[in-house]
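# Working through the structure, step by step
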Amino acid sequence: MLQTVGGWLWWERLWLPGNVSWSDLEDSEGRVYAKASQLYAALPCALCLLLVRFLFERYLATPVANVWGIRDRVRLTAEQNPILENYFCRQARVPSQADVRSLCKKTSWPERRVQVWFRRRRNQERPGLRKRFCEASWRCVFYFFAFVGGVLALYDKPWLYNLKEVWEGFPKQSMLPSQYWYYLLEMGFYLSLLLSLSFDVKRKDFKEQVIHHIATLTLLSFSWISNYIRIGTIVMAVHDSADILLEGAKVFNYAKWHKTANAIFVVFTVLFMLTRLVIFPFWLIHCTWVYPPEKFPPFFGYYFFNVMLLLLQILHLYWAALISRMFYKCIFSKLEGDDRSDEEEDDSDSPKERNHKLSHMNGSGARGRANGH
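Just so it is clear, the structure is predicted and the values come from calculations on it, not from any experiment. (Residues numbered from 1 in each chain as written. Predicted model: local features only at pLDDT ≥ 70, side-chain atom pairs only at ≥ 80, totals over all residues. Heavy atoms only, no water.)

### Some words on the overall build of the protein chain
- Looking only at helices and strands, one finds 15 helices and zero strands in the protein chain.
- Here the protein chain holds 373 residues, and the buried ones make up 46% of them.
- Within the protein chain, contacts between residues separated by at least 24 positions form 79% of all contacts whose residues are at least 6 apart in sequence.
- Counting every atom, the protein chain has about 20000 Å² of accessible surface; 64% of that belongs to carbon and sulfur. (Helix = DSSP H or I, 4+ residues; strand = E, 2+ residues; numbered from the N terminus. Buried < 20%, exposed > 50% of the residue type's maximum accessible area, 1.4 Å probe, protein only. Contact = heavy atoms within 4.5 Å. Areas by Shrake-Rupley, 256 points an atom, 1.4 Å probe, with all protein chains shown as cover.)

This is the structure:
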């Protein structure tokens, strides 16, 4: 049974053009080809990156946060209440209005007190500013070094300047050491992001992030096995270039350097739109869609690879909409954070309720001063 499944899984027509077999991609005469077994190295690489990340956040990012005075917001702790805690943990973090009324009867609390309790309890679950700063710092540093590595691996290659060279001699293209390490580093990083999703800051586009990481790992794995390595390295470098600026803008925004953060974010927006909405679809997808049939008949892998690239492009369009909204805030108002973030809620009384309380405590004069303020 397993042998049959393995035969179908590694059927040459799934991975290679019609006139090529696995035997043609065996190392010989100084030519080295990528092998599927080498992908297993991505797991220990991911674990090593998680360790490096832990050390980086603890011994570099945290001291920098201290120097820049980055502190977590003081949060009011939700009162001990087993009934509300049980509902929060087992049913919903945001109760409906009908459930709020039901909980009021069970706890003998007024509606406002129940609502404030849930807001405070939700805030307790949200990561603090220092955690967000450390995460953004780690990603910024990684993307920087990954992009530099990508540039070093590509700057002297003819296929960077003439995309038709990507398919010259395909798939019998020898793998270079720089390509191996670049792939291993990127795959290890995205695998580490998947492994750390449960304790990283959870954002509004959490599902899209999961899809993105899985699609990226699938693309990298497939391009490795099918020897789409040349185009794969270009795709990775194009993506890393803008990500550096995004994470850098977050770092400075968390540090309250708002003018610097806004300036970086403007540059990031321009670069993102250029790389993800122009270069990626009209250069890279065009390269993988139009040029290959000129060299060999289309096969399953050709269609699969292009479909995965189109899936990434759909995600780019989704994020472009979010970025455009943030860009509008940056230019015409004030960018206070990431629109993808799950921001803290105000767990205090509303101004109207505070004024109402003050009026009862201090009389009409206090009421007038409170309303005026």
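### Details of unusual backbone geometry
- Look at the link from Phe170 to Pro171: it is a cis peptide, with omega at 0°.
- Position of Pro171 relative to the elements: it lies in the loop between α8 (158-161) and α9 (177-195).
- Although it is not a glycine, Asn227 sits at a positive phi angle of roughly 65°.
- Locating Asn227 in the fold gives a position in the loop between α10 (206-225) and α11 (229-254).
- Positive phi, close to 70°, is recorded for Lys256, a residue that is not glycine.
- Along the polypeptide, Lys256 turns up in the loop between α11 and α12 (258-290).
- When its relative accessible area of 54% is taken as the criterion, Lys256 is described as exposed.

### Looking at helix α4 (residues 82-90)
- Those residues of α4 lying buried are Leu84, Tyr87 and Phe88. The buried side chains of α4 occupy one side of the element, clustering within an arc of 100° when seen end-on. Away from its buried face, by an angle of more than 90 degrees, α4 presents the exposed residues Pro82, Cys89 and Arg90.
- Residues of α4 that are buried make contact with α5 (97-107) and α6 (111-125).
- Its side-chain oxygen placed 3.1 Å from the backbone nitrogen of Ile83, Asn81 serves as the N-cap of α4. (Arc of directions from axis to C-beta. Polar contact = N/O pair within 3.5 Å; in protein donor to acceptor, adjacent residues only side chain to side chain.)

### Description of the packing of aromatic side chains
- A complete count under the given rule lists 34 aromatic pairs for this structure.
- Aromatic pair Trp138 and Phe142: ring centres 6.3 Å apart, planes at 40°, arrangement tilted. Linking Trp138 with Phe142, this pair stays in helix α7 (residues 129-154), spanning four residues, or about one helical turn. Grouping residues by exposure puts Trp138 and Phe142 together as buried.
- An aromatic cluster is built from Trp15, Trp167, Phe170, Phe222, Tyr228, Phe296, Phe299, Phe300, Phe304 and Phe305, whose rings are joined through pairwise contacts.
- Geometry around Trp109 places Arg113 over its ring, the cationic atom sitting 3.8 Å from the centre. (Phe/Tyr/Trp six-rings, centres within 6.5 Å; stacked < 30°, edge-to-face > 60°. Lys NZ or Arg CZ within 6 Å of the ring centre and 35° of its normal.)

### Overview of the UniProt feature "transmembrane region" (unreviewed entry) in the protein chain
- Per the UniProt record, the feature "transmembrane region" (unreviewed entry) sits at residues 39-56, 136-155, 180-199, 263-285 and 300-319.
- End C-alpha to end C-alpha, residues 39-56 measures 26 Å, and it is 83% helix and 0% strand.
- Across residues 300-319, the secondary structure splits into 100% helix and 0% strand, with the terminal C-alpha atoms separated by 29 Å. (UniProt positions renumbered as here; feature names shortened; annotations may be inferred.)

### Examining the confidence of the model for the protein chain
- On average, residues of the protein chain score 84 in pLDDT, and 86% of them reach the 70 mark or higher.
- The element-level mean pLDDT for the protein chain is lowest in helix α15 (residues 351-372), coming to 39, with helix α3 (residues 42-67) highest at 95. (pLDDT = per-residue confidence, 0-100.)

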